[in-house]
Amino acid sequence: MAEEQKKIVPASSLSPDKVHTWPHLVKAEFIVGLISLILITVWSIVIDAPMEEPANPTRTPNPSKAPWYFLGLQEMLVYFDPWYAGVVLPSLIIVGLMLIPYLDINKKGVGYYTFTERKFAVSVFGFGFLILWVFLIIIGVFFRGPGWNFFMPWQDWDTHKVVALTNIDLNIFLAQHLGIDLLRNTVVQAVFGTGLIGAYYLIGVVFYLWKVKKSPVLQELGPIRYGLTAFLFLTMMALPIKMILRWTFNIKYIVTYPWIGLNI
Amino acid sequence: MKLIQLKEKYEEIRKVVVDSTVWKSIFRHGYKDTPRNRVLMTASNVFLHLHPSKMRRHGIKISYTWCAGGLTFLFFLILTVTGVILMFYYRPVAEYAFVDMKYLQFDVPFGMIMRNMHRWAAHGMVILVMLHMFRVFLTGSYKPPREFNWIVGVILLVLTFLLSFTGYLLPWDQLAIWAVTVGTNMARATPLMGHEGPLAEQMRELTGLITPRYDARSLLTGGTIVAAPTLLRFYVLHCIFIPIATAVLIIVHFWRVRKDGGISGPL
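The residue numbering used here restarts from 1 in each chain and proceeds along that chain's sequence as written. Ligands are numbered from 1 and chains lettered from A, in the order in which they are written. Selection of residues for local features in this predicted model requires a pLDDT of at least 70, selection of side-chain atom pairs for listing and counting requires 80 or more, and totals for whole chains, interfaces and linings are taken over all residues. Excluded from the side-chain calculation are hydrogens and water; included are all heavy atoms of the structure.

1. A few points about the overall build of chain A
The test is simple: Numbering goes from the N terminus for both helices and strands, where a helix is a DSSP run of H or I of at least four residues and a strand is a run of E of at least two. Each radius of gyration reported is based on C-alpha atoms, and the globular scaling rule is 2.2 Å times the count of residues to the power 0.38. Think of it in three bands: residues with accessible area under 20% of the maximum for their type are buried, residues over 50% are exposed, and the middle band is partly exposed, with areas taken using a 1.4 Å probe on protein chains only. All accessible areas in this document rest on Shrake-Rupley with a 1.4 Å probe, and a residue is counted as covered only by the protein chains that are shown.
Looking only at helices and strands, chain A features eight helices and three strands. Ordered by position from N to C terminus, the α and β elements of chain A give α-β-α-α-α-α-α-α-α-β-β. Taking 2.2 N^0.38 as the reference for a compact globule, 264 residues should give roughly 18 Å; the C-alpha atoms of chain A span a radius of gyration of 26 Å, well beyond that estimate. When burial is assessed residue by residue, chain A has 38% of its 264 residues classed as buried. Only carbon and sulfur atoms are counted for the fraction: they give 71% of the accessible area of chain A, which is about 15500 Å².

Pasting the structure below:
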């Protein structure tokens, strides 16, 4: 019906809500561009770009901070080994971002702002972007000082601030508190830790099997799309979980594989 | 009396100029405010024809797009122009790099403003890319048929980070080399390909490679530390390789916006 109507109605009255790009859009673009150019020029005249003393490979500053947009990743180095925080997780972030349009099959919410129609998508992305990315950057820029210790922005960066932290692996923590000395064994902890991580990802599988019959959303999603979504989501949530474990129990690794230099 | 004569004279000259072959070869049409001419203004201009000639009122609202994507492009252009000017004065050699920065700061007319603009616009572009991406997510604009353009956008986000990161090293001051040391040190922990990463020993036994001199980090730094070879590598990446890749993908990105039905809007 709507298709037929379009053919009959003359082009001029086809879409009353259409406007000519020139001048309506071009005018807006020009004004916004001009204002931005003025702002960046004035900013550049008034504020000088940072410049420190010449590069000196023999004098390491403390702290060494990456460029601000990478400080979220640098913050993750506190909670994970560099192979994971610096290589695997960034790669997963990029791949995960690319997969979004193929995993999110909700047809609603195109072309307008809505939360109610996309609660899960907006919450997860908002959490990932605003908390795990922007918030961690703010922490890294303003609250991290020598030794990557916490400093308030108004506090002196006293290099003698000693944080007595004895980070221990999860198996040692449990061995101490539960008295199971078997957990101190390298092989036992590896099996135990692998089991724990397996169980963590199994939450996703269990949730699927539990809900799939009653949930049309899960049925439409299918096992592959659901599996990828659950994997990425659980991997993302591993960061705050590991942060909390570190802050509250000083736990360093969930599992270590000393034979291949792998710690998680 | 004289005024009318002047006006006539002006009209005469204007006609000669506007009717000339040269004028007509450059400007295809006049400036009349008619619907047809408004369309022509967009369609016959090489820069403006990125746009459709007509668009929905919804799409030109700043509250919808935040202008973030367009401003990202504007900042890319600012960076290209200021960057090329900086290239006149800067040598990517460890002995000269810092001195050339000082030369820009104190001797080159407007040198410091050029450098400031390049630096601040780079930060601005990183922020704008992230804002643009956030806006696109919130409005569901990556949904069909725009899935692929979202992927192009993610690659452009990564390229923006890489552009900014490779540029960070070039001033060759303490801030630069240590920030880049932090960044490149992570590469030595790459699984399989970094000499301190998981399975590195096994790979070394297997291939004889993956030593501190030959691994994922040395590929970036050209050595075992951030030194002169790193500066040259980052300079070439920063000024040639990544900008070209970025420019090509920006073209694809814009082309796709048009081909996928213009910027997103309610159905």
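Having seen the model, we can carry on.
2. A few points about unusual backbone geometry
Excluding glycine, residues mostly carry a negative phi; peptide bonds, for their part, are mostly trans. The omega angle of the peptide bond from A:Trp22 to A:Pro23 is 15 degrees, so this bond is cis rather than trans. Within the secondary structure layout, A:Pro23 lies in helix α2 (residues 21-46). With an omega of 5 degrees, the peptide bond running from A:Asn62 to A:Pro63 counts as cis. With respect to the helices, strands and loops of the structure, A:Pro63 is situated in the loop between α2 and α3 (71-76). A positive phi is found at B:Leu199, a non-glycine position, where the angle reads about 70 degrees. Position of B:Leu199 relative to the elements: it lies in the loop between α9 (174-185) and α10 (200-207). On the basis of relative accessible area, B:Leu199 is assigned to the partly exposed category, the value being 30%.

3. Re helix α3 (residues 35-43) of chain B
Using the following cut-off: Within this analysis, the arc is defined by the directions that extend from the helix axis to the C-beta atoms. The contact criterion used throughout is that any non-hydrogen atoms of two residues lie within 4.5 Å.
Within α3(B) the residues assigned to the buried category are B:Asn37, B:Arg38, B:Met41 and B:Thr42. Taken end-on, α3(B) shows its buried residues confined to a sector of 140 degrees, consistent with a single buried face. Exposed residues on α3(B) whose side chains face more than 90 degrees from its buried face are B:Pro35, B:Arg36 and B:Ala43. Where the residues of α3(B) are buried, they touch β1 (18-20) and α2 of chain A.

4. Digging into the packing of helix α5 (residues 119-142) of chain A against helix α7 (residues 111-138) of chain B
Which entries qualify depends on this criterion: Axis lines are fitted through C-alpha atoms, for helices just across the contact stretch, and the angle between N-to-C directions can take any value from 0 to 180 degrees. Roughly parallel means an angle under 35 degrees; roughly antiparallel, over 145; roughly perpendicular, 65 to 115; everything else is oblique. Left-handed describes a crossing in which the near helix is turned anticlockwise from the far one by less than a right angle; the clockwise case is right-handed.
Direction vectors running N to C along α5(A) and α7(B) enclose 165 degrees, while the axes themselves pass 10 Å from each other. In terms of their interaxial angle, α5(A) and α7(B) are classed as roughly antiparallel. The interaxial crossing formed by α5(A) with α7(B) has left-handed handedness. Together, A:Ala121, A:Val122, A:Phe125, A:Phe129, A:Leu130 and A:Trp133 of α5(A) and B:Met130, B:Phe134, B:Phe137 and B:Leu138 of α7(B) make up the contact between the two elements.

5. What about the packing of aromatic side chains?
By convention here, two paired aromatic rings are described through the distance between centres and the angle between planes. So the rule is basically this: Only the six-membered ring of Trp is used, alongside the rings of Phe and Tyr, when aromatic pairs are assigned; centres must lie within 6.5 Å, and planes under 30 degrees apart are stacked while those over 60 apart are edge-to-face, with the rest tilted. Each ring is checked for a lysine NZ or an arginine CZ that lies within 6 Å of its centre and within 35 degrees of its normal; such an atom marks a charge sitting over the ring.
Inspection of the entire model under this criterion finds 31 aromatic pairs over all chains. Ring centres of A:Trp68 and A:Tyr69 lie 5.3 Å apart, and the angle between their planes is 75 degrees; on these two criteria the pair is classed as edge-to-face. Ring-pair connections join several aromatic residues into one group, and the members of that group are A:Tyr113, A:Phe125, A:Phe129, B:Tyr64, B:Trp66, B:Phe134, B:Phe137, B:Tyr142 and B:Trp150. The ring of B:Tyr96 has B:Arg91 lying over it, and the distance from NZ or CZ to the ring centre is 4.0 Å.

6. Some points on the interface of chain B and chain A
To be explicit about the condition: Values labelled buried area give the accessible surface lost by two parts on being combined, using a 1.4 Å probe and summing over both. Whenever Lys or Arg places a side-chain nitrogen within 4 Å of a carboxyl oxygen from Asp or Glu, that contact is recorded as a salt bridge. Throughout this description, a polar contact denotes any pair of N or O atoms lying within 3.5 Å of each other; where both atoms belong to protein, one of them has to be capable of donating a hydrogen while the other can accept it, and for residues adjacent in sequence the pair is counted only when both atoms sit in side chains. Residue classes follow a fixed rule: Ala, Val, Leu, Ile, Met, Phe, Trp, Tyr, Cys and Pro count as nonpolar, while Asp, Glu, Lys and Arg count as charged, and any other residue, Gly among them, counts as polar.
The interface is formed by 81 residues belonging to chain B together with 74 residues belonging to chain A. In this assembly, chain B packs against chain A so that about 7400 Å² is buried in total across both faces, 72% of it on carbon and sulfur atoms. If you sort the residues of chain B by the area they bury against chain A, B:Trp120, B:Gln174 and B:Met186 come out on top, with a joint share of 10%. Our enumeration of links across chain B and chain A arrives at two salt bridges. Between A:Asp104 and B:Lys143 there is a salt bridge; the shortest N-O distance is 3.6 Å. Linking chain B to chain A there are 36 residue pairs in polar contact (both at pLDDT 80 or more). Counting only elements with at least two residues in the side of chain B that touches chain A, the list comes to α3, β1 (54-56), α4 (62-65), α5 (68-87), α6 (94-106), α7, α8 (147-169) and α9 of chain B. Element by element, the count of residues in the side of chain B that touches chain A is highest for α7(B), at 17 residues. Tallied by class, the residues present in the side of chain B that touches chain A amount to 55 nonpolar, 15 polar and 11 charged.

7. Concerning the side chain of B:Thr166
Residue and element names in this part refer to chain B. As for its position among the elements, threonine 166 is in helix α8. For threonine 166, the side chain forms a polar contact with the main-chain oxygen of leucine 163, separated by 3.0 Å. With sequence-adjacent residues up to four places away left out, threonine 166 is seen in contact with Phe234, Leu237, His238 and Ile242.

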